[in-house]
Amino acid sequence: MNPGRHPLTSRRHGAARWIVLLGAVVVLCSGCVTFTAPESPPPSAAGVTPTPPGVQTATTTEPVPNSQSCNATASLRPPEQMPEPNEMPPNSTMAVIAARGRLVVGTDIGSNPFSFRDPLSGDIQGFDVDIARQISAAIFGDPNRIEYRVLSSADRTEALRDGSVDVVVKTMSITCDRLREVSFSAPYYIASQRILAPKNSGITDVDGLADKRVCAARGTTSIGRMQADQPRAKIITTTTWADCLVMLQQGQVDAVTTDDAILAGLAAQDPWVEVVGPGLGAEYYGVGMPQGHDDMVRFVNGVLAENKANGQWYATYNRWLSNLGPSYGPPQATYRD
Ligand code: GLU
């Protein structure tokens, strides 16, 4: 096999992928009527494997994510007394949400295990979705009063700025740059940027990415840090993380870089890839909110603090992230007033 090339790029493994898929359908469908197997995988047009829509080469240098210089992870102190569900303070941001009858949550449907659509139930679920459900429960006494807006990584800030969502819960790192445009809760999870590479590629760390094609989703902190750590990497950007995985499988990029937790979710979908190298830097995930809604920031921090205190945070971790190993526990909140 050609080293550095993903096995699924070969015709043989392309066929293998179809056999696995067919097997899955047969298992799921045992007892169904008849099933006619395709004789061969569909050929790609003119033998050229298409790239996912929206693929670009990064031509600008993105900022290096930095949460230290502005003390970004310090958020607003929760209220001394959290309101009971269905008893939101009059004229508060939460009262407006309660009157509307649903919390509008911006998230993704392709960021396993944080937010993804369960293929069997069709439900959106994951660690981030559970955080959103906990906020809904605190407002309505019901975790299900949520309207989801599917956002790509690059859409998150604008959705908060134009007020089309109440909160963004989508692996969104708290940074000084973003704080100029949006507000954040205290951190609810700490990830670490790493590298995903094919198992036979010989890539083991950031040094091995010199002159390589490295994929990252647009609008993410992952780009700026990779540009700083490996200026010789050629950064290819996509709309979603799933697109990066497809490009890796098709041999169109040599590696993917982002937060370890997202990479682990991609690796779980493909036995031929692995997460490699030491952590490149910490990413503090916060709930994004529009600026000017300090009451909502305090309220969400109250929900997060309650869930850390009553063990709910660990239950959420164990439900979605236990394959990352035992948890170090929730991040410590610091409040600035
Ligand atoms: N945590 C990184 C960010 O906020 C990447 C995560 C993502 O794209 O969802 O940019």
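If you're wondering where the values come from, they're calculated on a predicted model, not measured in any experiment.

The rules we used
Residues numbered from 1 in each chain as written. Predicted model: local features only at pLDDT ≥ 70, side-chain atom pairs only at ≥ 80, totals over all residues. Heavy atoms only, no water. Axes fitted to C-alpha atoms, helices over the stretch in contact; angles between N-to-C directions. Helix = DSSP H or I, 4+ residues; strand = E, 2+ residues; numbered from the N terminus. Parallel < 35°, antiparallel > 145°, perpendicular 65-115°, else oblique. Contact = heavy atoms within 4.5 Å. Nonpolar A, V, L, I, M, F, W, Y, C, P; charged D, E, K, R; others polar. Pairing = 2+ DSSP bridges. Core = buried A, V, L, I, M, F, W, Y, C linked by side-chain atoms within 4.5 Å. Buried < 20%, exposed > 50% of the residue type's maximum accessible area, 1.4 Å probe, protein only. Polar contact = N/O pair within 3.5 Å; in protein donor to acceptor, adjacent residues only side chain to side chain. Phe/Tyr/Trp six-rings, centres within 6.5 Å; stacked < 30°, edge-to-face > 60°. pLDDT = per-residue confidence, 0-100. Near = heavy atom within 4 Å. Areas by Shrake-Rupley, 256 points an atom, 1.4 Å probe, with all protein chains shown as cover.

### What about the packing of helix 3 (residues 127–140) against helix 9 (residues 294–309)?
Thinking step 1. The geometry of helix 3 relative to helix 9 is characterised by a closest axis approach of 10 Å and an angle of 110° between their N-to-C directions. As judged from the angle between their axes, helix 3 and helix 9 are roughly perpendicular. Of the residues in helix 9, those touching helix 3 at Ile-131, Gln-134, Ile-135, Ala-138 and Ile-139 are Met-296, Phe-299, Val-300, Val-303, Leu-304 and Asn-307.
Thinking step 2. Its residues assigned to classes, the contact of helix 3 with helix 9 shows nine nonpolar, two polar and no charged.

### Regarding the sheet that holds strand 5 (residues 115–117)
Thinking step 1. Taken in spatial order, the three strands of this open sheet run 4-5-6, and their pairing is antiparallel. The open sheet has two free edges, formed respectively by strand 4 (110–111) and strand 6 (124–125), since each of these has just one partner strand.
Thinking step 2. Taken together, the two bridges between strand 5 and strand 6 define a ladder with antiparallel strand orientation. Counted as the bridge partner of Arg-117 is Ile-124 from strand 6.

### Focus: the nonpolar core
Thinking step 1. By size, the foremost hydrophobic cluster in this structure holds 65 residues, and its most contacted members are Phe-127, Tyr-189 and Met-296.
Thinking step 2. Element by element, the count of residues in this core is highest for helix 3, at seven residues.
Thinking step 3. Residues within four places of Met-296 in sequence aside, it is in contact with Thr-93, Met-94, Ile-97, Leu-103, Ile-135, Ile-139, Val-167 and Met-289.
Thinking step 4. Among the nonpolar cores identified, the runner-up in size contains 12 residues, and Leu-151, Val-165, Met-172 and Cys-176 belong to it.

### So, the packing of helix 2 (residues 93–100) against helix 9
Thinking step 1. Look at helix 2 against helix 9: their axes get within 7 Å of each other, and the N-to-C directions meet at 80°. With respect to helix 9, the element helix 2 is oriented roughly perpendicular. For the pair formed by helix 2 and helix 9, the contact residues are Thr-93, Met-94 and Ile-97 on the first element and Asp-295, Met-296 and Phe-299 on the second.
Thinking step 2. For the contact of helix 2 with helix 9, the per-class residue count stands at four nonpolar, one polar and one charged.

### So, the side chain of Thr-237
Thinking step 1. Relative to the elements of secondary structure, Thr-237 occurs in strand 12 (residues 234–238).
Thinking step 2. The class for Thr-237 is buried, based on a relative accessible area of 3%.
Thinking step 3. One polar contact links Thr-237 to Arg-218, side chain to side chain, over a distance of 2.8 Å.
Thinking step 4. Not counting chain neighbours up to four residues away, the residues in contact with Thr-237 comprise Gly-54, Val-55, Gln-56, Ala-58, Ala-216, Arg-218 and Ile-223.

### Re the packing of aromatic side chains
Thinking step 1. One pass over the full model with this rule turns up 11 aromatic pairs.
Thinking step 2. When the centroid spacing of 6.2 Å and the interplanar angle of 20° are considered together, the rings of Phe-127 and Tyr-188 count as stacked. Here the residue Phe-127 occupies a position in helix 3, and Tyr-188 occupies one in the loop between strand 9 (182–184) and strand 10 (189–198), the gap between them amounting to 61 residues. Each member of the pair, Phe-127 as well as Tyr-188, is classed as buried.
Thinking step 3. Of the aromatic side chains, those joined through ring pairs into one cluster are Phe-114, Phe-127, Tyr-188, Tyr-189, Tyr-285, Trp-313, Tyr-314 and Tyr-317.

### Points about the confidence of the model for the chain
Thinking step 1. For the chain, the average pLDDT comes to 88, and 86% of its residues sit at 70 or higher.
Thinking step 2. Counting interchain partners and residues more than four positions distant, the pLDDT-below-50 stretch residues 10–35 has 15 contacts.
Thinking step 3. Residue range residues 37–44 is modelled with pLDDT below 50. Its contacts to residues more than four positions away, or to other chains, number eight contacts.

### Observations concerning helix 7 (residues 241–249)
Thinking step 1. The element helix 7 is extensively covered by neighbouring structure, given that seven of its nine residues are classed as buried.
Thinking step 2. With a side-chain oxygen lying 3.4 Å from the backbone nitrogen of Ala-242, the N-terminal cap of helix 7 falls on Thr-240.
Thinking step 3. The positive-phi residue at the C-terminal boundary of helix 7 is Gly-251, with phi of around 75°.

### Some remarks on the pairing of strand 15 (residues 282–285)
Thinking step 1. Of the two faces of strand 15, the one holding Glu-283 and Tyr-285 is buried and the one holding Ala-282 and Tyr-284 is not buried anywhere.
Thinking step 2. Note: strand 10 against strand 15, four bridges, orientation antiparallel. The partner of Ile-190 across the bridge, within strand 15, is Tyr-284.

### A few points about the site of the ligand
Thinking step 1. Close to the ligand lie 15 residues, the nearest being Ser-153, Lys-170, Thr-171, Ser-173 and Asp-259.
Thinking step 2. The separation between an oxygen atom of the ligand and a polar side-chain atom of Arg-156 is 3.0 Å.
Thinking step 3. Thr-171 is positioned with one of its side-chain polar atoms (N or O) 2.5 Å from an oxygen atom of the ligand.
Thinking step 4. Across the complex, the protein chains shield 100% of the 290 Å² of accessible surface that the ligand would expose by itself.
Thinking step 5. Where the shell around the ligand is concerned, the elements lending two or more residues are strand 13 (255–259) and strand 15.
Thinking step 6. Residue composition of the shell around the ligand, by class: four nonpolar, six polar and five charged.

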